[in-house]
Amino acid sequence: DTEVTQTPKHLVMGMTNKKSLKCEQHMGHRAMYWYKQKAKKPPELMFVYSYEKLSINESVPSRFSPECPNSSLLNLHLHALQPEDSALYLCASSSLLRDSYYGYTFGSGTRLTVV
Amino acid sequence: AQSVTQLGSHVSVSEGALVLLRCNYSSSVPPYLFWYVQYPNQGLQLLLKYTTGATLVKGINGFEAEFKKSETSFHLTKPSAHMSDAAEYFCAVSETSGTYKYIFGTGTRLKVLA
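Residues numbered from 1 in each chain as written. Chains lettered and ligands numbered in written order. Predicted model: local features only at pLDDT ≥ 70, side-chain atom pairs only at ≥ 80, totals over all residues. Heavy atoms only, no water.

Colleague: Hey, could you go over the environment of B:Ala87 for me, with residue numbers and the actual values?
Modeller: All names here are of chain B. Its place among the elements puts Ala87 in strand 9 (residues 87–94). With a relative accessible area of 2%, Ala87 lands in the buried category. Taking the C-alpha atoms as reference points, Ala87 and Lys111, 24 residues apart in sequence, are found 7.1 Å from one another. Setting aside residues up to four positions removed in sequence, Ala87 forms contacts with Val37, Gln38, Tyr39, Thr108, Arg109 and Leu110. (Helix = DSSP H or I, 4+ residues; strand = E, 2+ residues; numbered from the N terminus. Buried < 20%, exposed > 50% of the residue type's maximum accessible area, 1.4 Å probe, protein only. Contact = heavy atoms within 4.5 Å.)

Rendered as structure tokens:
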């Protein structure tokens, strides 16, 4: 299995809702990443987990809360989002954090719309 | 600090013509360099990478790139464009120490004309 699976593919949520994005990989990768991508822009790093521990938080607002329950699963909990948070949210993984030179495997993303 | 510059946010080529997408980087240490492709409403897919060794790197779908240290460039080429190559292409550089973060270029949208 050489895929990163993200669910749901599309999500529409109100500003008062609480929702979660899910990311799963079964490649034995120990580094996992959340990226946010606005239209016609490159991905922006949000969070990095290495061995299930948060390694990097790129000063992301607290309305985004990541979680890594085990080595295969990465969640992003969303609460009280703003319309400007609407974007494509991408999950990625790599074998190890230091092995980023092998390249990342990206999921297909969750298209989030905040209304 | 490392940075990546992609010249040309939009490139149009005719089907069968040469594809050339430009990427220049800035780095104080030897970088790791990557090209990713993104099709509409999809994630990013690794096309090819340069880490060490041979400076001409071959990737998937007939693409290749050459690392030129003297020019700080890593341009992506394909001899003959196909309609299916139409997509967004991102060049990226990875830090080789510390946090090993990726730094992405702003992307180049490739359009292939019939």
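On we go.
Colleague: With reference to specific residues and values, describe the sheet that holds strand 1 (residues 3–7) of chain B.
Modeller: Residues and elements named next belong to chain B. Pairing is antiparallel across the open sheet formed by five strands, whose spatial order is 1-3-8-7-6. Among the strands making up the open sheet, the edge pair consists of strand 1 and strand 6 (56–58). Taking each pair of neighbouring strands and ignoring which way they run, the sheet shows an average axis angle of 20 degrees. Here strand 3 (residues 19–26) runs beside strand 8 (residues 73–78); their pairing, made up of four bridges, is antiparallel. Within strand 8, the residue paired with Val19 across the bridge is Lys78. (Pairing = 2+ DSSP bridges. Axes fitted to C-alpha atoms, helices over the stretch in contact; angles between N-to-C directions.)

Colleague: Explain the interface of chain A and chain B to me, and be specific about the residues and the numbers.
Modeller: At the junction of the two partners, chain A supplies 21 residues and chain B supplies 21 residues. Regarding the contact of chain A and chain B, the summed buried area is about 1,700 Å², with carbon and sulfur atoms giving 58% of it. Counting every contact that joins chain A to chain B gives zero salt bridges. In this structure, the connection of chain A to chain B is made through five residue pairs in polar contact (both at pLDDT 80 or more). (Buried area = accessible area lost by both parts, 1.4 Å probe. Salt bridge = Lys/Arg side-chain N within 4 Å of Asp/Glu carboxyl O. Polar contact = N/O pair within 3.5 Å; in protein donor to acceptor, adjacent residues only side chain to side chain.)

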